[in-house]
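A structural walkthrough
Each chain, letter by letter, is given below.
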Amino acid sequence: MKPIAYHSTSSQTTTKGQRIFSALVLAGILSLGSSFTILETAVANPQTLPQSTSETVKSIGDAIARSPDLGLTQIAQTPQDTRTNRLPAQVARAVRQDLSARTRIAPGKLRITQYSRQTWPDGCLGLADPDRICTQALVPGWRVVVSDGSKTWVYRTNNTGGTLRLEDRAVSINLPKSIEEVVSQRMTPGNLKPIPIPASELPPPLDRGVVFQTTSSGGIAGRTYQTTLLNDGRLMRVRIGDANDSERSVRQISPQQLRQFQRLLQRQSLARFNRLSYPAPSGAADFITVTMTSSAGTVRYADIVQNRLPQPLQQVVQTWNQIARG
């Protein structure tokens, strides 16, 4: 019995040893395979290596070539940076159109030479007039520099270009005095010549309790809206021709806003502009015609010449737009 027991124990020991040896061999094979995998991965991905200097320069050149509309030299950016920091086309277009209306320089001759993202301190983009009411909220937008090769203008806009302000007078760039005087005259608001409004196109007198009323028509949509301010501070907006009155809106402005606007109307003496129209330049399209009526009379203007109106009218228009847009 003892030899049999000894043989059994020896057999078990041998089997156990074989298992350990097999495990060690398998681990070695797995380790070797892992090493080959790592080596293969490193060799199979040469595209992860840095680009050469010439390739980098070529990429930057391609990025510059892709932005001819802005007239700018830009450093190559990642797609995310490009989306965030590139000036939107509608902002560039709004700035060019506004400056073209002011100076009568063709939009195609105006180039954007610089732009940067900005956050403006209020609804007036940090350029409030003394009598203008500004919303007290931060406004993200752009600072845009435009040039015609002789002068430079600086604009402030919101994110979409729907609100924009000209920072200051244009800066001359080696411009002969005689040419500079001509351009300055064209930029003078009083140089915009009004024409009489035909009697058949005058709106009826304001109803009792109405402080101010505007009718806006035209634009791309071709719709007509009427906005009315009552002496209790209610501001009502309707679309003319809306059978269901589905676009009517009514909101309340503060007593302070109402008083400030009424004082502004009195101070600007709008009666001297009664029945005058300031039309769009010949050939202009997609503009909006605005008819303003107060107790002093009626004035009409095209929105694309708003910044060339006489100063008293500009102040009324700018303040009214702040109230109407809320």
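Our subject is the structure that appears above.
The present account deals with the structure reproduced in this document. (Residues numbered from 1 in each chain as written. Predicted model: local features only at pLDDT ≥ 70, side-chain atom pairs only at ≥ 80, totals over all residues. Heavy atoms only, no water.)

**As for the overall build of the protein**
How we decide: Where helices and strands are cited, they refer to DSSP runs of H or I of at least four residues and of E of at least two residues respectively, numbered from the N terminus. What makes two residues a contact is simply this: any of their non-hydrogen atoms within 4.5 Å. Working definition of accessibility: Shrake-Rupley area with a 1.4 Å probe, residue cover restricted to the visible protein chains.
Along the backbone of the protein there are 7 helices and 13 strands. Excluding contacts between residues fewer than 6 apart, the proportion of contacts in the protein whose partners are at least 24 apart in sequence is 55%. For the protein, the exposed surface amounts to about 20,000 Å²; the carbon and sulfur share of it is 54%.

**A closer look at the environment of Cys-124**
This is how it is decided: Each residue is placed in one exposure class: buried if its accessible area under a 1.4 Å probe, protein chains only, is under 20% of its type's maximum, exposed if it is over 50%, and partly exposed if it falls in between.
Topologically, Cys-124 is positioned in the loop between strand 1 (111–120) and strand 2 (139–147). In this structure Cys-124 comes out as buried when scored by relative accessible area, which is 1%. In the structure, Cys-124 is positioned 32 residues away from Arg-156 in sequence and 9.5 Å away in space, judged by C-alpha atoms.

**Let's talk about the pattern of salt bridges**
Our working definition: Each reported salt bridge corresponds to a side-chain nitrogen of Lys or Arg within 4 Å of a carboxyl oxygen of Asp or Glu.
One pass over the full model with this rule turns up 9 salt bridges. The partner of Arg-300 in a salt bridge is Glu-201, with the nearest N and O atoms 2.7 Å apart. Of this pair, Arg-300 sits in strand 13 (residues 297–302) while Glu-201 sits in the loop between strand 6 (195–196) and strand 7 (210–218), placing them 99 residues apart in sequence. Taking relative accessible area as the criterion, Arg-300 reaches 15% and is therefore assigned buried. For Arg-248, the salt bridge is made with Asp-245, and the minimal N-O distance between the two is 2.6 Å. Taking relative accessible area as the criterion, Asp-245 reaches 32% and is therefore assigned partly exposed. Connected through salt bridges with shared partners, the residues Arg-223, Arg-239, Asp-242 and Glu-247 form a single ionic network.

**Notes on helix 7 (residues 311–325)**
Quick reminder of the rule: In this scheme, a helix's expected span is set at 1.5 Å multiplied by one less than its residue total.
Its 15 residues place the ends of helix 7 21 Å apart at the C-alpha level, agreeing with the 21 Å of an ideal helix rising 1.5 Å per residue. Within helix 7, 12 of the 15 residues are buried, leaving the element largely enclosed by the surrounding structure. Buried within helix 7 we find Pro-312, Leu-313, Gln-314, Gln-315, Val-316, Val-317, Gln-318, Thr-319, Trp-320, Asn-321, Gln-322 and Ile-323. Gly-326 lies just past helix 7 and shows a positive phi near 70°.

**Considering the side chain of Gln-213**
Selection criterion: Distance and chemistry together define a polar contact, namely a pair of N or O atoms within 3.5 Å, with one atom able to donate a hydrogen and the other to accept it when in protein, and with adjacent residues in sequence counting only for side-chain atoms on both sides.
Structurally, Gln-213 is set in strand 7. Among the polar contacts made by the side chain of Gln-213, one reaches the side chain of Thr-228 at a distance of 2.8 Å. In this structure Gln-213 touches Leu-206, Gln-226, Thr-227, Thr-228, Thr-291, Met-292 and Thr-293, once residues within four positions along its chain are discounted.

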